[in-house]
Amino acid sequence: MIEFKNIQIKFGDFTAIHNLNLEIKEGEFFTLLGPSGCGKTTTLRSLVGFINPTNGDILVNGERINDIPVERREIGMVFQSYALFPTMNVYENLAFGLQLRKYKKDEVDKQVREIARKVDLNEEQLFKKVSDLSGGQQQRVAIARALVIKPKILVLDEPLSNLDAKLRKQLRGELKKLQSQFGITSIYVTHDQEEALTMSDRIAVFNKGNIEQVGTPKEIFDHSKTEFVCNFIGDNNFLQPSFLQRIKNECNVAIDPSKKAYIRPGKVTTKNVDVKKYDVIVEGEIVEKEYHGISSKVIYELGNQRIANMEIEDNSNDYGLGSRKRIAFQTSDILAY
Ligand SMILES: Nc1ncnc2c1ncn2[C@@H]1O[C@H](COP(=O)(O)OP(=O)(O)OP(=O)(O)O)[C@@H](O)[C@H]1O
């Protein structure tokens, strides 16, 4: 549905986007993920029409939109700062886009009430001034305002990053539900890998103006294509060359100790350690435990190698520092570069 073809974006001598090629499918929740300054917002702004690419084409349903002005691109937008009209009440904020499009008064009323219901804004909140609402409520209004005009595409630039952790998690779920209810093609910008993994159908991981990998959350996490992606997405154990050499000899596995290798804590286990299931089994000593509530992060020392894993706190997990346990993983879960 959306295609970026050979997109280059320069600001003076600085190239923010080098040569972007990306296809986003109809109805997808697609996330642009990467560290600060890697070009996510710039890419999004070029789709919306705030920035003109120096080179390349942006297509929506096969039609080149580079020269179409912002207001005719039919894109709903939600930003980190809610960008609502502070002196208007919620109702007026939601009605604004519809009035601009010359909807009749009773149609405006119907649409405003319908969208308010969908985003859980009640009658009382509808007639409050937006400045009297909490951050989470204001962001709900901003999302409703973007959706009420029934755009073809919804873009969201770090919409949850001003909210506290609990609200962010709650709104994440609500936003994802709304997106699938509406079936609207959505492009979401974030630097938060957990947000990207939990919400997206697919993710593009950006680094310094280039895309390093495009894939589903599972593909990106389990099969990170580059060392950058591997380190940016989630926790990791870096495996020392000497440790790789040791398991190559002791466990008789085919690995290349000269490569940079990592294993994710979630792929390391101490439960049901069985040679039929795991090709690497080594003994380690618990040197650190970090309690996370449902699970604990446990760090094992094996010579000069430390390996962390996550263990569910299910009462069987009562061994302390200094205990020795067998830990196991599969070489096929090692990410090597
Ligand atoms: N109008 C501009 N003029 C000059 N440089 C710009 C402009 N807009 C962005 N840049 C530069 O382009 C690069 C990419 O910026 P962009 O805002 O796209 O990053 P980002 O990945 O969205 O980061 P963040 O998460 O911090 O918003 C940065 O180095 C930024 O300084």
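Residues numbered from 1 in each chain as written. Predicted model: local features only at pLDDT ≥ 70, side-chain atom pairs only at ≥ 80, totals over all residues. Heavy atoms only, no water.

> So, helix 1 (residues 40–48): which residues are in play, and what are the values?
For helix 1, the tally of buried residues reaches seven of nine residues, placing the bulk of the element in the interior. Inspection of helix 1 places Lys40, Thr42, Thr43, Leu44, Ser46, Leu47 and Val48 among the buried residues, and these make up the whole buried set. Positive backbone phi, at 110°, marks Gly49, one or two positions downstream of helix 1. (Buried < 20%, exposed > 50% of the residue type's maximum accessible area, 1.4 Å probe, protein only. Helix = DSSP H or I, 4+ residues; strand = E, 2+ residues; numbered from the N terminus.)

> So, the site of the ligand: which residues are in play, and what are the values?
Near the ligand the following residues occur: Phe11, Phe14, Ala16, Pro35, Ser36, Gly37, Cys38, Gly39, Lys40, Thr41, Thr42 and Glu158. The contact in question runs from an oxygen atom of the ligand to an N or O atom on the side chain of Thr41, over 2.7 Å. Here the ligand has 630 Å² of accessible area as a free molecule, and 58% of this is covered by the chains. Where the shell around the ligand is concerned, the elements lending two or more residues are strand 2 (14–24) and helix 1. (Near = heavy atom within 4 Å. Polar contact = N/O pair within 3.5 Å; in protein donor to acceptor, adjacent residues only side chain to side chain. Areas by Shrake-Rupley, 256 points an atom, 1.4 Å probe, with all protein chains shown as cover.)

> Describe helix 3 (residues 105–118), naming the residues involved and giving the relevant values.
Between its terminal C-alpha atoms helix 3 stretches 20 Å, which fits the 20 Å expected from 14 residues at 1.5 Å a residue. After helix 3 finishes, the residue Asp120 shows a positive phi value of roughly 65°. (Expected span 1.5 Å × (residues − 1).)

> Tell me about the confidence of the model for the protein chain, and please be specific about residues and values.
Within the protein chain, residue pLDDT values average 91, and 99% of them lie at 70 or more. Among the scores for the predicted complex, ipTM is 0.94 and pTM is 0.90. (pLDDT = per-residue confidence, 0-100.)

> Mind laying out the packing of aromatic side chains, listing which residues take part and the relevant values?
In this structure the tally under the stated criterion is six aromatic pairs. When the ring of Phe29 is compared with that of Tyr188, the centres are 5.4 Å apart and the planes differ by 40°; the resulting orientation is tilted. Taken as a pair, Phe29 in strand 3 (residues 29–33) and Tyr188 in strand 8 (residues 185–190) lie far apart in primary sequence, 159 residues in all. Accessibility classification places Phe29 together with Tyr188 in one group, the buried group. Through a chain of ring-to-ring contacts, three or more aromatic side chains come together here, namely Phe238, Tyr262 and Tyr337. Geometry around Phe85 places Arg145 over its ring, the cationic atom sitting 5.5 Å from the centre. The ring of Phe221 is capped by Arg264, whose NZ or CZ atom sits 4.2 Å from the centre of that ring. (Phe/Tyr/Trp six-rings, centres within 6.5 Å; stacked < 30°, edge-to-face > 60°. Lys NZ or Arg CZ within 6 Å of the ring centre and 35° of its normal.)

> Explain the sheet that holds strand 4 (residues 55–60) to me, and be specific about the residues and the numbers.
Strand order in the open sheet formed by four strands is 2-1-4-5, with antiparallel pairing between adjacent strands. In this open sheet, the two edge strands, each paired with only one partner strand, are strand 2 and strand 5 (63–64). With two bridges connecting them, strand 4 and strand 5 associate as antiparallel partners. What sits directly across from Leu59, in strand 5, is Arg64. (Pairing = 2+ DSSP bridges.)

> Tell me about the environment of Ile312, residues and numbers included.
By the element assignment, Ile312 lies in strand 15 (residues 305–312). Exposure remark for Ile312: the relative accessible area of 48% places this residue in the partly exposed category. Distance in space between the C-alpha atoms of Ile312 and Cys38 is 36 Å, their sequence separation being 274 residues.

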